[in-house]
Amino acid sequence: MGAKTITKSSITAEAAADILRAAEAKAVEIGVPMVIAVVDESGVLKAFSRMDGAALLSVDIAQDKAYTAVSFGISTDSWFEFIKNDPPLLHGIVKTPRLVVFGGGYPLKVGDAIVGGIGVSGGHYEQDMVVAQAGLAALG
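Residues numbered from 1 in each chain as written. Predicted model: local features only at pLDDT ≥ 70, side-chain atom pairs only at ≥ 80, totals over all residues. Heavy atoms only, no water.

**Details of the sheet that holds strand 4 (residues 113–121)**
Next up, step 1: Taken in spatial order, the 4 strands of this open sheet run 2-1-4-3, and their pairing is antiparallel. Either end of the sheet is taken by a strand with one partner, and the two such strands are strand 2 (45–50) and strand 3 (105–110). Geometrically, the sheet is characterised by an average inter-axis angle of 15° between neighbouring strands, direction not taken into account.
Next up, step 2: When strand 1 (residues 35–40) meets strand 2, the two strands line up antiparallel, connected through 5 bridges. Its bridge partner being in strand 2, Val38 is matched across the sheet by Ala47.
Next up, step 3: Packing of helix 1 (residues 13–30) onto the sheet brings it into contact with strand 1, strand 2, strand 3 and strand 4, and relative to strand 2 it is tilted by some 25°.
Next up, step 4: This element, helix 5 (residues 125–139), spans strand 1, strand 3 and strand 4 of the sheet and lies at about 10° to strand 3. (Pairing = 2+ DSSP bridges. Helix = DSSP H or I, 4+ residues; strand = E, 2+ residues; numbered from the N terminus. Axes fitted to C-alpha atoms, helices over the stretch in contact; angles between N-to-C directions. Contact = heavy atoms within 4.5 Å.)

**What to know about helix 5**
Next up, step 1: Look at helix 5: 21 Å from first C-alpha to last across 15 residues, which is about the 21 Å you get at 1.5 Å a residue.
Next up, step 2: For helix 5, the set of buried residues is Asp128, Met129, Val131, Ala132, Ala134 and Gly135.
Next up, step 3: Tucked into the core, helix 5 has its buried residues touching helix 1, strand 1, helix 2 (57–72), helix 3 (76–83), strand 3 and strand 4.
Next up, step 4: Backbone geometry just after helix 5 places Gly140 at a positive phi near 90°. (Expected span 1.5 Å × (residues − 1). Buried < 20%, exposed > 50% of the residue type's maximum accessible area, 1.4 Å probe, protein only.)

**A few points about the pattern of salt bridges**
Next up, step 1: Under the criterion given, the structure shown has 5 salt bridges.
Next up, step 2: A salt bridge links Lys84 to Glu81; its shortest N-O distance comes to 3.0 Å. (Salt bridge = Lys/Arg side-chain N within 4 Å of Asp/Glu carboxyl O.)

**Some words on the nonpolar core**
General note: in soluble globular proteins, nonpolar side chains tend to be found buried as a group.
Next up, step 1: Within the largest apolar cluster, 21 residues are counted, with the highest numbers of intra-cluster contacts made by Ile11, Met34, Ile36, Val38 and Ile118.
Next up, step 2: Those elements giving two or more residues to this core turn out to be helix 1, strand 1, strand 3, strand 4 and helix 5.
Next up, step 3: With 6 residues, helix 1 is the single largest residue contributor to this core.
Next up, step 4: Setting aside anything within four residues of it in sequence, one finds Ile11 in contact with Ala16, Ile19, Val38, Val39, Asp40, Lys46, Leu108 and Val115.
Next up, step 5: Membership of the second largest hydrophobic core comes to 5 residues, among which are Val35, Ala37, Val59 and Ala62. (Core = buried A, V, L, I, M, F, W, Y, C linked by side-chain atoms within 4.5 Å.)

What follows is the structure, given as structure tokens:
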């Protein structure tokens, strides 16, 4: 009889805080107040910051970007590339709650294990990506 449980790796609170601080530092550097969300391997919020002046709508968008990234293990900007030439998917999947198909969300990996996700919102998605990538770099 097969195994009845699995073991999953998850990001620590300390690592999530390091990622958050690095992303905030980059947002300050580029002068754009951001919302930054770090989720664990199951998409549950682990660390969060709404910088002073960050847009209210960005609160949900950042969390949804992190959730999207961890859910499929690909960056949110990769989604559009995946669906853009597939009309049924393009017009159907985007109605999925919490799915974001523009930049700013990345899975967090340690080795081959997806241990969480980061989502950033507050600027143009290209700025969001830069800030999220700064957070990724803190994971090492």
